[in-house]
Amino acid sequence: MTIIKPTTRTLAMTRRSFLGATAAGATGLALGFPRPAIAQGAPLKVGLMLPFSGTYAKLGQFIENGFNLYVEQKSGVLGGRKVEFIRLDDESKPETATDNMNRLVSRDKADVVIGTVHSGVAMAMVKVARDSGVPLIIPNAGADEATGPLCAPNIFRTSFSNWQPAHPMGKVVFDEGHRNVVTITWRYTAGQQMVGAFAEGFEAAGGTVVDALTVPFPEVEFQALITRIATLKPDAVFAFFAGGGAVKFVTDYAAAGLKGKIPLYGTGFLTDGTLKAQGDAATGIRTTLHYADDLDTPANKSFLSAFEAKTGETGDIYAVQGFDAAALLEAGLGATDGNASAREALFAAMAGAKIDSPRGPLSFSAAHNPIQNIYLREVRDGRNALVSVAGEAVQDPARGCRMA
Amino acid sequence: MDIGTFAIQLLNAVQYGLVLFLVASGLTLVFGILGVINLAHGVFYMLGAYLAWWLTVATGNFAVGILGAFAISFVVGLALESVFIRRLYGRDHLSQVLLSFGLILVVDELRQMLFGRDVQSVPLPEWLSGSLPLTDVLNYPVYRLVVSLLCLAVAVAIFMVIRRTRIGMVVRAGAENREMTRALGIPFDSVNRYVFAVGIALAALAGAVIAPISTVFPGMGDGMLILSFVVVVLGGIGSVPGAAIGALLIGLIDTFGKVFMPELAGILVYVLMAVVLVVRPTGILGKREV
């Protein structure tokens, strides 16, 4: 458990300490240290509402570590304010999400809330955030609604909308010569929004979706539908699954002999964080996502090495999303001298933020969803290796958002 | 759907049904014979899968993984029975539900501490990893056929033990009338330990055997627990042949439901259960009031 303890600094300053501080400050600047903080009394309370247990625990942990890494790189200070964390395990349970979020906002008086992974939980958080006005940064959940019909000035996202990584894949699949495609996913929001966005892109390019297969969430018995795919014999298959389901689908697909005969495409979740378990069955699968493990940029390289030094683990997209959530918060707080209650100025600065993210250039749409590159990756030697940029500065259509 | 595709889907359905039977068999023993509702059945399924993964990777031998998972869970089952479960016989179902729910939390936390929360896969030995060509694009993994045969073997073994052996006779007598069996001096209580341990070990065996095709992940037992209860209730509580029939029915309904009525695939199994219970409230082969 990482809680940065609040420290109170006094403003009293003798001439000697002033001189010393100035000298230290000058040295610090010259050496590239963070500028010493201007004390503001109470620390900034950041509520981290993430899954620390259950199926998504690992994702929650990576997001938290990414966020912490950024804060540590700034010596525990964002926009001149010391940061204090309030951790809350949301267990990925939508039924308790509203109570949990209310607790953070009303009882714990969080200045800002960061969360979460599960879309159902995130939607409950969005509703509380809309009522209370508390700044909310979503570091993963992709439900289109959060930056669509339910968008609000105080709600930001540093991850993606479900539409975003899936839509550019439509053109990619068409350009690789496939005309008839079968889609397969779980019958729930994320799956259907991604498959819908893929179909939109693919049909706009001129392709046909022959059949849209679905499995009840979170079932992992795919054999009947894999047989169906083999009967339909499409040119290619587009799939959305994640976690254990992704591992099982990819291995079943290969075991049924379809690998190498009917190419498999998907959004990055099909092969992210699961490659070790998928083994050779995943080799050659092409996916689109707003990140690739081997992006050759200074920001990504320094992020990955710092993350590994801190946690001993290889950073991934979830860690990047947490890291960027902290960067976005700092961009806002920098403009208000660390005052999170000057909300209008805070939100304006966050909306205008231009972040040199490990994933590439990151800015924000009028609906507060990321504008970012979507990369085409291919699984090679157990990595999601970059193939090309499938879409540059891809922006979600933000359907139904009044701010867009 | 041509006849070839139909045959393949039928194969899928039967194979899925057999797997469901293997998972549910332990539950029906514990539920039917001991009268204990064991909600923790699903986590022992998961534990079996993790043990198989861990042992297979550590020793490089898949057979060690399977047998080790079975043996370890059997011992765990014996220990649990003598410390906790035996206090529950004849108590009302709420205590059983509470205790086994507690077991879920404890076993799941132990899994987190021992094995972490990553998704894992169990490597198959060379001779099991092949596949048979069914059509020009579709293959059928040999291991799935092996699993089906194993499920059949387990079904026959359970049936023979209960019907044809002395221990089976004691078990049947105890399930019929606990007090009378005790009064006649038949060692029913010592047999109980083994029934519970075998129930747990069967759940773990199912998890271990299915691990290479299902992958190993936290929460993998949750869905299986619900389906196992459906199988047990559908077949008639405590009836092993009933569980087999129930499992095959679910396999058929689920597989063909996914193909023909994908919108309803999620609820067809429960509709089937509701219909059966309306017609036969004690399940397909159930005998008396529960």
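Residues numbered from 1 in each chain as written. Chains lettered and ligands numbered in written order. Predicted model: local features only at pLDDT ≥ 70, side-chain atom pairs only at ≥ 80, totals over all residues.

- An unreviewed UniProt entry lists chain B under the name Branched-chain amino acid transport system permease protein, from Aminobacter aganoensis.
- Checking UniProt for chain B, the heading Subcellular location (unreviewed entry) contains the comment "Cell membrane". (UniProt positions renumbered as here; feature names shortened; annotations may be inferred.)

- The name given to chain A in an unreviewed UniProt entry is Branched-chain amino acid transport system substrate-binding protein, with the source organism recorded as Aminobacter aganoensis.
- For chain A, the Sequence similarities (unreviewed entry) comment in UniProt is given as "Belongs to the leucine-binding protein family."

### Focus on the overall build of chain B
Alright, step 1. Helix and strand counts for chain B come out as 11 helices and 2 strands.
Alright, step 2. Secondary structure elements of chain B occur, N-terminal to C-terminal, as α-α-α-α-β-β-α-α-α-α-α-α-α.
Alright, step 3. Its C-alpha atoms give chain B a radius of gyration of 19 Å, within 12% of the compact-globule value 19 Å for 290 residues.
Alright, step 4. In terms of overall dimensions, chain B has C-alpha extents of about 65 × 50 × 35 Å along its principal axes.
Alright, step 5. For chain B, the share of sequence-separated contacts (at least 6 apart) that also reach a separation of at least 24 residues comes to 74%. (Helix = DSSP H or I, 4+ residues; strand = E, 2+ residues; numbered from the N terminus. Rg over C-alpha atoms; globule rule 2.2 N^0.38 Å. Contact = placed C-beta atoms within 7 Å.)

### As for the overall build of chain A
Alright, step 1. Helix and strand content of chain A: 12 helices and 15 strands.
Alright, step 2. Relative to its full complement of 404 residues, chain A shows a buried share of 58%.
Alright, step 3. The contacts in chain A between residues at least 6 apart in sequence include a share of 72% that link residues at least 24 apart. (Buried ≥ 20, exposed ≤ 12 C-beta atoms within 10 Å, placed from the backbone.)

### Things to note about the UniProt feature "domain: Leucine-binding protein" (unreviewed entry) in chain A
Alright, step 1. Here the UniProt feature "domain: Leucine-binding protein" (unreviewed entry) sits at residues 43–382 of chain A.
Alright, step 2. A distance of 43 Å separates the end C-alpha atoms of residues 43–382 of chain A, which is 42% helix and 22% strand.

### Some words on the interface of chain A and chain B
Alright, step 1. Tallying the contact residues gives 34 residues for chain A and 29 residues for chain B.
Alright, step 2. Sorting the residues of the side of chain A that touches chain B by element identifies helix H2 (57–73), strand E8 (208–216), helix H7 (223–232) and helix H8 (243–255) of chain A as the ones contributing at least two each.
Alright, step 3. Ranked by residue count, the leading element in the side of chain A that touches chain B is H7(A), at 7 residues.
Alright, step 4. In terms of residue class, the side of chain A that touches chain B is made up of 15 nonpolar, 11 polar and 8 charged. (Nonpolar A, V, L, I, M, F, W, Y, C, P; charged D, E, K, R; others polar.)

### Section: the confidence of the model for chain B
All names here are of chain B.
Alright, step 1. Predicted confidence across chain B gives a mean pLDDT of 90, with 99% of residues reaching 70 or more.
Alright, step 2. The element-level mean pLDDT for chain B is lowest in helix H7 (residues 178–183), coming to 83, with helix H2 (residues 41–59) highest at 96.
Alright, step 3. What the predictor reports for the complex is a pTM of 0.84 with an ipTM of 0.84. (pLDDT = per-residue confidence, 0-100.)

### Digging into the sheet that holds strand E1 (residues 44–50) of chain A
Residue and element names in this part refer to chain A.
Alright, step 1. The sheet built from 6 strands is open, its strands ordered E2-E3-E1-E4-E5-E6 with mixed pairing. The sheet is open, and its two borders are formed by strand E2 (77–78) and strand E6 (155–157), each paired with just one other strand.
Alright, step 2. Sheet topology places E1 next to strand E4 (residues 112–114); 3 bridges connect them, and they run parallel. In the strand pairing of E4, valine 46 is matched with valine 112. (Pairing = 2+ DSSP bridges.)

### Overview of the UniProt feature "transmembrane region" (unreviewed entry) in chain B
Residue and element names in this part refer to chain B.
Alright, step 1. Per the UniProt entry, the sites bearing "transmembrane region" (unreviewed entry) are residues 142–162, 194–213, 225–252 and 264–285 in this numbering.
Alright, step 2. Its end C-alpha atoms 31 Å apart, residues 142–162 is made of 100% helix and 0% strand.
Alright, step 3. In residues 194–213, the share of helix is 100% and the share of strand is 0%. The end C-alpha atoms are 29 Å apart.

### What to know about the pairing of strand E13 (residues 360–364) of chain A
Note on strand geometry: in a regular strand, side chains alternate between the two faces of the sheet.
Residues and elements named next belong to chain A.
Alright, step 1. As judged from the 3 bridges shared by strand E12 (residues 355–357) and E13, these two strands associate in the antiparallel manner. Within E13, the residue paired with aspartate 356 across the bridge is proline 361.
Alright, step 2. Here E12 hands over to E13 after 2 residues, the two strands then running antiparallel side by side.
Alright, step 3. In this sheet, strand E14 (residues 370–380) lies alongside E13 in antiparallel orientation, the contact comprising 2 bridges. The partner of serine 363 across the bridge, within E14, is isoleucine 371.
Alright, step 4. Between E13 and E14, which pair antiparallel one after the other, the connecting turn spans 5 residues, and histidine 368 there sits at a positive phi close to 70°.

### Structural notes on the domain arrangement of chain A
Residues and elements named next belong to chain A.
Alright, step 1. Here chain A is partitioned into domain 1 (38–160 + 297–372) and domain 2 (165–289).
Alright, step 2. Facing 8 residues of domain 1, the contacting portion of domain 2 comprises 8 residues.
Alright, step 3. Residues of the side of domain 1 that touches domain 2, tallied by class, amount to 3 nonpolar, 3 polar and 2 charged. (Domains from an automatic or database assignment.)

### Describing the environment of A:Thr227
Alright, step 1. Relative to the helices and strands, A:Thr227 is located in helix H7.
Alright, step 2. Residue A:Thr227 is classed as buried on the basis of its C-beta count, with 23 C-beta atoms lying within 10 Å.
Alright, step 3. The contacts of A:Thr227, once residues within four sequence positions are left out, are B:Thr5, B:Ile8, B:Gln9, B:Asn12 and B:Leu138.

### Considering helix H9 (residues 220–235) of chain B
Alright, step 1. Here H9(B) is 16 residues long and its end C-alpha atoms lie 23 Å apart, about the 22 Å a rise of 1.5 Å per residue gives.
Alright, step 2. Taken as a whole, H9(B) has its buried residues at B:Met220, B:Gly221, B:Met224, B:Leu225, B:Leu227, B:Ser228, B:Val230, B:Val231, B:Val232, B:Val233, B:Leu234 and B:Gly235.
Alright, step 3. Elements that come into contact with the buried residues of H9(B) comprise H8 of chain A together with helix H1 (3–34), H2, helix H8 (188–214), helix H10 (240–260) and helix H11 (265–279) of chain B.
Alright, step 4. A positive phi of about 105° marks B:Gly236, the residue just after H9(B). (Expected span 1.5 Å × (residues − 1).)

### Quick notes on unusual backbone geometry
Residue and element names in this part refer to chain A.
Alright, step 1. Geometrically, the link from glycine 115 to threonine 116 is a cis peptide bond, its omega value of 5° lying close to zero.
Alright, step 2. Counting through the fold element by element, threonine 116 comes out in the loop between E4 and helix H4 (119–132).
Alright, step 3. For glutamate 91, which is not glycine, the phi dihedral falls at a positive 55°.
Alright, step 4. The phi torsion at serine 92 lies on the positive side, around 55°, for a residue other than glycine.

### Observations regarding the nonpolar core
Alright, step 1. Ranked by size, the top nonpolar core spans 216 residues in total, and within it A:Val113, A:Met125, A:Val237, B:Ala49, B:Ala204 and B:Ala208 carry the most contacts.
Alright, step 2. No other element matches the 18 residues that H8(B) contributes to this core. (Core = buried A, V, L, I, M, F, W, Y, C linked by C-beta atoms within 7 Å.)

### Comments concerning the environment of A:His178
All names here are of chain A.
Alright, step 1. Tracing the backbone through its elements, the reader meets histidine 178 in the loop between helix H5 (163–175) and strand E7 (180–187).
Alright, step 2. A count of 20 C-beta atoms within 10 Å places histidine 178 in the buried class.
Alright, step 3. The spatial distance from the C-alpha of histidine 178 to the C-alpha of aspartate 235 is 5.4 Å, given a sequence separation of 57 residues.
Alright, step 4. Beyond its immediate sequence surroundings of up to four residues, histidine 178 is in contact with Val173, Gly207, Asp235 and Ala236.

### Some words on the confidence of the model for chain A
Alright, step 1. Residues of chain A with pLDDT of at least 70 account for 90%, and the chain-wide mean is 89.
Alright, step 2. Throughout residues 1–39 of chain A the model reports pLDDT below 50, and contacts reaching past four residues in sequence, or to other chains, amount to 29 contacts.

### Details of the packing of H1(B) against helix H5 (residues 142–164) of chain B
All names here are of chain B.
Alright, step 1. Between H1 and H5, whose axes approach to 9 Å, the crossing angle comes to 45°. In terms of their interaxial angle, H1 and H5 are classed as oblique. As H1 packs across H5, the resulting crossing turns out to be left-handed. For the pair H1 and H5, the contacting residues are Gln15, Leu18, Val19, Phe21, Leu22 and Ser25 in the first and Arg144, Val147, Ser148, Cys151, Leu152, Val154, Ala155 and Ile158 in the second.
Alright, step 2. Each residue belonging to the contact of H1 with H5 can be placed in one class, and the counts come to 10 nonpolar, 3 polar and 1 charged. (Axes fitted to C-alpha atoms, helices over the stretch in contact; angles between N-to-C directions. Parallel < 35°, antiparallel > 145°, perpendicular 65-115°, else oblique. Left-handed = near helix turned anticlockwise from the far one by under 90°.)

### What to know about the environment of B:Ile245
All names here are of chain B.
Alright, step 1. With respect to the helices and strands, isoleucine 245 occurs in helix H10.
Alright, step 2. For isoleucine 245, a count of 19 C-beta atoms within 10 Å corresponds to the partly exposed category.
Alright, step 3. Considered as a pair, isoleucine 245 and phenylalanine 21 are 224 residues apart in the sequence and their alpha carbons are 8.5 Å apart.
Alright, step 4. Not counting chain neighbours up to four residues away, the residues in contact with isoleucine 245 comprise Gly235, Ile284 and Leu285.

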